[in-house]
Amino acid sequence: MLKSKTFLKKTRAGGVMKIVREHYLRDDIGCGAPGCEACGVAHEGPVLEPQPLDPASSLCPQPHYLLPDTNVLLHQIVEVGDVASVASSLRPPPGSLETYIEQKQGENSNDRNDRAIRVAAKWYNEHLKKMSAENQLQVILITNDRKNKEKAIEEGIPAFTCEEYVKSLTANPELIDRLACLSEEGNEIESGKIIFSEHLPLSKLQQGIKSGTYLQGTFRASRENYLEATVWVHGDAEENKEIILQGLKNLNRAIHEDIVAVELLPKNQWVAPSSVVLHDEGQNEDDVEKEEETERMLKTAVSEKMLKPTGRVVGIIKRNWRPYCGMLSKSDIKESRRHLFTPAEKRIPRIRIETRQASALEGRRIIVAIDGWPRNSRYPNGHFVKNLGEVGDKETETEVLLLEHDVPHQPFSQAVLSFLPKMPWSITEKDMKNREDLRHLCVCSVDPPGCTDIDDALHCRELENGNLEVGVHIADVSHFIRPGNALDQESARRGTTVYLCEKRIDMVPELLSSNLCSLRCNVDRLAFSCIWEMNHNAEILKTRFTKSAINSKASLTYAEAQMRIDSAAMNDDITISLRGLNKLAKILKRRRIEKGALTLSSPEVRFHMDSETHDPIDLQTKELRETNSMVEEFMLLANISVAKKIHEEFSEHALLRKHPAPPPSNYEILVKAAKSKNLEVKTDTAKALADSLDRADSATFPYLNTLLRILATRCMMQAVYFCSGMDNDFHHYGLASPIYTHFTSPIRRYADIIVHRLLAVAIGADCTYPELTDKHKLADLCKNLNFRHKMAQYAQRASVAFHTQLFFKSKGIVSEEAYILFVKKNAIVVLIPKYGLEGTVFFEEKDKPKSRLIYDDEIPSLKIENTVFHIFDKVKVKIMLDSSNLQHQKIRMSLVEPQIPGISIPTDTSNMDISEPEKKKKKLEK
């Protein structure tokens, strides 16, 4: 049946337009209840459960279905997740003859929608009575709208608020904890005085942003100081790209990653980034006076050039809240239902929740969602969502770090797995179409020990004309993952493989990552090859790309490859190939460095695990060999060659990777650090920086150069993927290359799969598809890939931090040499080369007499009593696991040398202030 509505609309030009709105109403949509004779239609898609809900409810004792209104769904079920299936099992027929309603004159959209839900509820109740008169099935309307509920009851529809219904579930009293609070105002803390200024409405914020009164940007809370944040301004306001916010009131209830509107403060109120390390202890949760006293610590007398644009949050444009993992900090008040939750992510404030399960949740990792943040509360309000498991348990902690970094880690669905090739698999004639057979070549792979996802292999051989042929062969993952199917969509969503200390979260299913796409030795594999003809001076004479079939002759570790190269007794084809590659790689590296490529350093640690318990038993920094560099050089060369090719063919939609040059201000700390050791570091260009770092040597301090390079790494910007048609700066600063992309790791990076597809089209080996040549879609994809790569990096670091804690838990207290990386106002940040471990040594601690600290930001230095600390100074520290705070167990470092009375700890550790569990352990040992 067709219903139409006609009305006239005046156009901007002054004409009149006739608008006809049509609604096609169907009489063949079933109710969704299985076996309903009244409907007499076969159901498509989800249907109602054969057995409706029959919970022990004091309000609705008989079996019933629930019909939540839209706001309840948005507010409650999206948050809780666990009861989402209740909503998905109900399918009201909005486009059917019986339930369609038109908007009345003077009725707003919200009222019309509420009426439509009531009509649907009434229709269901009458319909179900016909179907099952003896069972008295009911549909109960769940709404938090007071008027909607009152009207429903007037119309004879059973209706309750979400809270009323959940409280009535006598068999599940714990569900009440999972209810989201209705509003910020409705959940204000009793007798709390106003702390924060009101957020301006969106309409005012938009006007202010348009007029330039306010600036819009992303709020980024500091990891080191809970009273400081920055706002990265959106758009091209280069001079105000970053705005500092300091103090609780200026942060004004913004949470990390929110989109906010900020007002710039007058210049006489601008501040410098704080040098204080400040963590929210949260003991006096609403002691704002104490907070103001703490804020005074942030103010440092600095020169005018150190001041940065400073502002305050005036409103929230978009909340970017997510469920947060962490622990309950149980209230000291007996029988209290109100407690504080401490998130694992230090940039998220504590959250006040109400729960009756506090005792059961103590010492557990839990998930909490934020509901709102009233103006009179020091902390936001939220509710309990899920219990993850015991704190310290390896499985639980791994789950926490994956959730916290938004790493998709659920098993691959059947829909995804259905697109995998059937086993047994072998190369067919069809596979060889548009593909070269290179199985005769002496190809081999070189990887870390235990690597099963081998996506690159190499070969080098002499040609008849005396030149060398060098090939980089990359797994042809795009042959198995076709555009647009479920496997492709899931790989794009995951974006990257995530490597944790003892676990790998694959981007593609294991059949591909560890088998069919892994270039293991002595099996036929499909590859995408980049082959150069070079002279002996590593100059490229010809480049060609081809899809290929290869058969790797050896899968070597870096150590095994190095041993072959160095062994005079070995002269087989694989070893000769490796020696040729190594010789060329050295020339390529030298030439790259001459152009200004940076050789930076960051300490990477490797854990040796116990074969039974899988606990770390040894921790050391990774050793890099010549062969690491050899593989890296050819991977870089392949990526550059492919980048040039795809950009030549697709100037508007090549997927490239760039590394922006850091702003000069980023280098301030590096320049000051070098100056404190009487060295000059020039930062005008990448070449000037590279040359300065090469010259920065000290005969008396051999580790100085490594420290400078580690510090230089901290000054760098993040490298990012981008679409060539949406950007004009292609330069890769760190590699000193005008163009770059990722082609060499398609098993573990989705960007490489797209690059393979572009290259395949460019050489006529595969056909294109619409999304591949849509620069806007490619730009959106790059945005997700950049996010996923950043989160993977953070997750990997968190995994190393957790395993480092496990290592020191078993090792006890150790004393090691360290070097100062950063000097803060109340602490020094040190690096311990033996373990590649970084930590903070605090000089101001609670309940201890305060030392006289003099901080100089210009040098930078920190004077304590008569001892002055500079960047790169050598110190000795004690390392131990501090378990006093279960939520944030951390490696604690204390100064041993130089000796400062009242600060340094004695070498004898028997009187050290250690955590309660450690004290009990020592007593038992005695």
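Every chain's residues receive numbers from 1 upward, in the order its sequence appears when written. With pLDDT at 70 or above as the cut-off, local features in this predicted model cover only qualifying residues; side-chain atom pairs require 80 or more to be listed or tallied, and sums for whole chains, interfaces and linings still use all residues. Based on all heavy atoms of the structure, the side-chain values leave hydrogens and waters out of the count.

> Which residues make up the overall build of the protein, and what values go with them?
Numbering goes from the N terminus for both helices and strands, where a helix is a DSSP run of H or I of at least four residues and a strand is a run of E of at least two. Counting secondary structure elements, the protein contains 22 helices and 36 strands. For every residue, the accessible area (1.4 Å probe, protein chains only) is compared with the maximum for its type, and the residue is labelled buried under 20%, exposed over 50%, or partly exposed between those bounds. Taking all 926 residues of the protein together, 50% fall into the buried category. For the protein, the proportion of contacts with a sequence separation of at least 24, taken over those separated by at least 6, is 67%. The accessible surface values rely on the Shrake-Rupley method and a 1.4 Å probe; as for residues, cover is taken only from the protein chains in view. Carbon and sulfur atoms make up 50% of the accessible area of the protein, which totals about 45,800 Å². Contacts were defined at the residue level, with two residues in contact if any of their heavy atoms lie within 4.5 Å.

> Give me the environment of M791: which residues, what numbers.
Residue placement: M791 occurs in helix α21 (residues 775-811). Through-space distance from the C-alpha of M791 to that of H405 is 5.3 Å; in sequence the pair is 386 residues apart.

> Now, about the sheet that holds strand β5 (residues 159-160): what can you tell me, with residues and values included?
The sheet built from three strands is open, its strands ordered β3-β4-β5 with parallel pairing. Sheet topology places β3 (64-68) and β5 at the edges, where each strand pairs with a single neighbour. The pairing criterion for strands is at least two bridges between them, as found by DSSP. For strand β4 (residues 138-142) and β5, the ladder comprises two bridges, and the chain directions are parallel. Bridge pairing in β5 places I142 opposite F160.

> Outline the packing of helix α17 (residues 668-676) against helix α19 (residues 704-715), supporting the account with residue identities and numerical values.
Each axis is a line fitted through C-alpha atoms, and for a helix only the stretch in contact is used; angles between axes span 0 to 180 degrees, taken between their N-to-C directions. It is at 9 Å that the axes of α17 and α19 come closest, and there the two elements cross at 160°. The angle between the axes of α17 and α19 places the two elements in the roughly antiparallel class. At the point where α17 passes α19, the crossing takes the right-handed sense. Of α19, the residues touching α17 (which contributes I669, L670, A673 and A674) are L708, L711, A712 and C715. Note on residue categories: nonpolar means Ala, Val, Leu, Ile, Met, Phe, Trp, Tyr, Cys or Pro, charged means Asp, Glu, Lys or Arg, and polar means any other residue, Gly included. Looking at the contact of α17 with α19 residue by residue, the classes come out as eight nonpolar, no polar and no charged. Oblique is the label for any angle not under 35 degrees, not over 145, and not in the 65 to 115 range, which are roughly parallel, roughly antiparallel and roughly perpendicular in turn. Each crossing gets its handedness from the near helix: less than a right angle anticlockwise from the far helix is left-handed, clockwise is right-handed.

> Can you tell me about the sheet that holds strand β31 (residues 837-842), naming the residues and giving the values?
Taken in spatial order, the five strands make up an open sheet running β31-β30-β29-β35-β36, and their pairing is antiparallel. With one partner strand each, in any of the chains shown, β31 and β36 (890-897) form the two edges of the open sheet. For this sheet, the mean angle separating the axes of adjacent strands, direction not counted, is 45°. Sheet topology places strand β29 (residues 814-823) next to strand β35 (residues 874-882); six bridges connect them, and they run antiparallel. What sits directly across from Y819, in β35, is K874. Against the sheet, α19 makes contact with β29, β30 (827-832) and β31, and its axis sits at roughly 50° relative to β29, the strand it touches most.

> Lay out the packing of aromatic side chains with the relevant residues and their values.
Centres within 6.5 Å are what make two rings of Phe, Tyr or Trp a pair, Trp counting through its six-membered ring; a difference in plane orientation under 30 degrees is then read as stacked, over 60 as edge-to-face, and the rest as tilted. Tallying each qualifying case throughout the model produces 10 aromatic pairs. With a centroid separation of 5.4 Å and 25° between ring planes, the pair formed by F701 and Y819 is classed as stacked. One end of the pair, F701, is in the loop between α18 (686-695) and α19; the other, Y819, is in strand β29, with 118 residues separating them in the sequence. For F701, a relative accessible area of 14% puts it in the buried group. Through successive ring pairs, a cluster of aromatic residues spans F701, Y703 and Y819. As a reminder, the over-ring test applies to NZ of lysine and CZ of arginine, requiring each to be within 6 Å of the ring centre and within 35 degrees of the ring normal. Its guanidinium or amino end placed over the ring of Y794, R223 lies 5.3 Å from that ring's centre, counting from NZ or CZ. The ring of Y721 is capped by R657, whose NZ or CZ atom sits 4.5 Å from the centre of that ring.

> Would you mind going over unusual backbone geometry in detail, with residue names and values included?
Leave glycine aside and you will find that most residues have negative phi; peptide bonds, for their part, are mostly trans. Note that the residue after M423, namely P424, is joined by a cis bond; omega there is -5°. Within the fold, P424 resides in the loop between α11 (414-417) and β16 (436-437). One non-glycine residue, D406, adopts positive backbone phi at about 50°. Examined against the element boundaries, D406 turns out to sit in the loop between α10 (394-404) and α11.

> Tell me about the confidence of the model for the protein, and name the residues and values.
On a range of 0 to 100, pLDDT expresses the predictor's confidence in each residue. Taken over all residues, the pLDDT of the protein has a mean of 83, while the share at 70 or more is 80%. Low pLDDT (under 50) marks residues 909-926, which in the prediction has 16 contacts with non-local residues, meaning those over four places away or in another chain.

> With reference to specific residues and values, describe the nonpolar core.
Nonpolar side chains tend toward joint burial in soluble globular proteins. Residues belong to a common nonpolar core when they are buried Ala, Val, Leu, Ile, Met, Phe, Trp, Tyr or Cys residues joined through side-chain atoms within 4.5 Å. Counting 90 residues, the largest nonpolar core has L512, W532, L578, F634, L655, F743 and I754 as the members making the most contacts within it. Beyond its immediate stretch of four places on either side in the chain, W532 contacts L468, E469, V470, V472, I540, K542, T543, F634, L637, A638 and S641. L689, A690, L831 and F872 belong to the second-largest nonpolar core, a separate cluster that totals 55 residues.

> Can you explain the pattern of salt bridges? Please cite residues and give values.
Salt-bridge detection follows one rule: a side-chain nitrogen of Lys or Arg within 4 Å of a carboxyl oxygen of Asp or Glu. The final tally for this structure, using the stated rule, is 45 salt bridges. Where R312 meets E263, a salt bridge forms, and the shortest distance between an N and an O atom there is 2.9 Å. One end of the pair, R312, is in strand β10 (residues 311-318); the other, E263, is in strand β9 (residues 259-264), and 49 residues separate them in sequence. Look at R312 and you get partly exposed, because its relative accessible area is 27%. You can call E263 partly exposed: its relative accessible area is 24%. Note that K874 is salt-bridged to E817, the shortest N-O span being 3.4 Å. Here the residue K874 occupies a position in strand β35, and E817 occupies one in strand β29, the gap between them amounting to 57 residues. Connected via shared salt-bridge partners are R223, E345 and R347.

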